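Read off the chains here:
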Amino acid sequence: SKTPKSKKKMKVEEQQQQQPASFRSLALPIASFSTNGATTPKAAAAAAAAMPVAAVPLPPPPEPKYAVPRSTPEGIKWQKAVLASRDNTRYESDYDFDRVMKQERQNNIPATWVKAKPFGAWCANNPHAIAIDCEMCETKDPVTGASNHKALCRLSVVNATNPDEVLIDTLVKPEWPVKDYRSRINGIKKEHLDSVQFTLAHAQAFMMALCSSETVIIGHAVHNDLIALRMEHHCNVDSALLFKVKDEENATCGLKDLAMSVMKREMPDVHDSVNDARVSMLCLEEGYLKTDGKPEPIVRLFAKKRGSAELFVHRIPKGCTPEHVQNMFLKHTSIQPSEVPKIEFNSETGKTTIVFTSTEHANLAFKTLGGESKPDKTGRMQKRVYLRTGGYICVRQMTMPRKSKSSSK
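Attention here is on the structure that accompanies the text. Please read all numbers here as calculations on a predicted model, not as lab measurements. (Residues numbered from 1 in each chain as written. Predicted model: local features only at pLDDT ≥ 70, side-chain atom pairs only at ≥ 80, totals over all residues. Heavy atoms only, no water.)

### Brief notes about the sheet that holds strand E11 (residues 310–317)
Across a sheet, paired strands are connected by hydrogen bonds in the backbone, their directions being either parallel or antiparallel.
Then, number 1: Here we have six strands laid out as an open sheet, ordered E12-E13-E11-E16-E15-E14, and antiparallel in their pairing. A single partner strand is all that each edge strand has here, and the edge strands are strand E12 (344–345) and strand E14 (374–375).
Then, number 2: Pairing geometry for E14 and strand E15 (residues 381–386), over two bridges, is antiparallel. The residue of E15 that forms the bridge with Lys374 is Gln382. (Pairing = 2+ DSSP bridges. Helix = DSSP H or I, 4+ residues; strand = E, 2+ residues; numbered from the N terminus.)

### Side note on the packing of aromatic side chains
Then, number 1: The full count for this structure, using the stated rule, is seven aromatic pairs.
Then, number 2: Ring centres 5.8 Å apart and planes at 70° place the aromatic pair Phe329 and Phe356 in the edge-to-face group. You can see Phe329 sitting in helix H14 (residues 322–333) and its partner Phe356 sitting in the loop between strand E13 (349–355) and helix H15 (359–368), a full 27 residues away along the chain. With respect to burial, Phe329 and Phe356 carry one shared label: buried.
Then, number 3: These aromatic residues form a ring-pair network of at least three members: Tyr91, Tyr95, Phe97 and Trp113.
Then, number 4: Across from the ring centre of Phe366, 5.2 Å away, lies the NZ or CZ of Lys383, which sits over that ring.
Then, number 5: Between Arg384 and the ring centre of Tyr392, over which it is positioned, the NZ or CZ distance is 4.2 Å. (Phe/Tyr/Trp six-rings, centres within 6.5 Å; stacked < 30°, edge-to-face > 60°. Buried < 20%, exposed > 50% of the residue type's maximum accessible area, 1.4 Å probe, protein only. Lys NZ or Arg CZ within 6 Å of the ring centre and 35° of its normal.)

### Comments concerning the packing of helix H12 (residues 255–263) against helix H13 (residues 273–289)
Then, number 1: Between H12 and H13, whose axes approach to 10 Å, the crossing angle comes to 45°. As far as their axial angle goes, H13 and H12 are oblique. Note on packing geometry: the crossing formed by H12 with H13 is left-handed. When H12 is examined against H13, the residues Leu255, Leu258, Ala259, Val262 and Met263 are found in contact with a partner set consisting of Asp276, Val279, Ser280, Leu282, Cys283, Glu286 and Gly287.
Then, number 2: Residues belonging to the contact of H12 with H13 are distributed by class as follows: eight nonpolar, two polar and two charged. (Axes fitted to C-alpha atoms, helices over the stretch in contact; angles between N-to-C directions. Parallel < 35°, antiparallel > 145°, perpendicular 65-115°, else oblique. Left-handed = near helix turned anticlockwise from the far one by under 90°. Contact = heavy atoms within 4.5 Å. Nonpolar A, V, L, I, M, F, W, Y, C, P; charged D, E, K, R; others polar.)

### Some details on the side chain of Glu214
Then, number 1: Structurally, Glu214 can be placed in the loop between helix H9 (200–210) and strand E6 (216–219).
Then, number 2: Here Glu214 is buried and forms no salt bridge, its nearest opposite-charge partner Arg70 lying at an N-O distance of 6.2 Å. (Lys, Arg positive; Asp, Glu negative; His and termini not counted. Salt bridge = Lys/Arg side-chain N within 4 Å of Asp/Glu carboxyl O.)

### Side note on the state of the cysteines
Then, number 1: Applying the stated rule across the entire model yields zero disulfides.
Then, number 2: Free of any disulfide, Cys134 has its nearest neighbouring cysteine sulfur in Cys153, separated by 9.0 Å.
Then, number 3: Under the relative-accessibility criterion, Cys134 is labelled buried at 4%.
Then, number 4: Distance from the sulfur of Cys153, which forms no disulfide, to the nearest cysteine sulfur (Cys137) is 4.3 Å. (Disulfide = S-S within 2.5 Å.)

### What about the pairing of strand E16 (residues 392–397)?
Then, number 1: Within E16, six of the six residues are buried, which leaves it mostly tucked inside the rest of the structure.
Then, number 2: Here E16 shows a buried face lined by Tyr392, Cys394 and Arg396 and a second buried face lined by Ile393, Val395 and Gln397.
Then, number 3: The pairing of E11 with E16 spans four bridges and is antiparallel. By the bridge assignment, Phe312 is partnered in E16 with Arg396.
Then, number 4: As paired elements, E15 and E16 share five bridges and run antiparallel to each other.

### Some points on H9
Because an α-helix completes one turn every 3.6 residues, residues spaced three or four positions apart along the sequence face the same direction.
Then, number 1: For H9, the buried fraction is high: nine of the eleven residues fall into the buried class.
Then, number 2: Within H9, burial applies to His202, Ala203, Gln204, Ala205, Phe206, Met207, Met208, Ala209 and Leu210.

### What about H12?
Then, number 1: Inspection of H12 places Leu255, Asp257, Leu258, Ala259 and Val262 among the buried residues, and these make up the whole buried set.
Then, number 2: Where the residues of H12 are buried, they touch helix H11 (239–242) and H13.
Then, number 3: Downstream of H12 by one or two residues, Lys264 has phi in the positive range, about 55°.

In structure tokens:
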């Protein structure tokens, strides 16, 4: 006899197989959630809705590697921004879904990935540009011990044509037990998820009923959201790629700085995914589309917490660029540094201090790097990353290791 869990999974699979299905008619167990202080920016939304839409598409380019939004007015409006996001040098590494899938297999993370169908009559009445943001937690398989650092726990999708319309906002029940809820970041706690029935499979069913390959997905560092959704998609507009930080060529702007610089809007410390999705889209409309793709550099107003969210990288061979260092961490740890400053070279090698979005990300990147961790002359822990050429690069933590209670006695 089938268990309730297997019956529920069969029901979701049946919904995915029935085509066409409207995303509005899906019978999904939505679990609403909200953090304090999140508001709907009606004035900003009204201004965005009044934005003129380009009526004439660009001349058709050679057959593209990925789908181009050219079948609807909403898609055409964002077409240049989609192509500009792809042209960024970081796009190929950020959106390398094949690499993520391979790493998941190596780490024993079972995952079914989805990919939207081509545009057609089946999706004619759907929104063709959406803004999304997801919240993630860390989970651990109690059997194998494998960890998933990007387990989906909240999904929010906003209609980009009418930002006041929230297409979905729900908590998501992770498959494995939660190791770290990251409540300090997303406000989500154990009691919020205990009774939730909405799963990753439901989230994927919704996105497949909503999106075609030409649906423009808008967000800030939206590759992280797509990885959490296990959704391969390349029709994206990424505000983290389209805005530069003033006087910091290789830095990635944060959403807080972006919102304040473009919208004169202060973002709350605790993330609200509806608010984050909406604000990133409005910043792109105001700061990117209205400037014809020539936005003003973003001024960094919110100081990062230094030290604990950094790693010192030295013995870097000549010829290496910040992009090489960033790709090294993506390859060995799957963790994206938020900033890789210019490398300072002496006669033989170079050094730089890379920044992560949080202390947890920096610690996890260091822990995930292969090799033995040993203290350097200062007592800080350091690892070697060996190169194909025979040399090695040193990666060192910026803070001293905590002394155990036993050693302090």
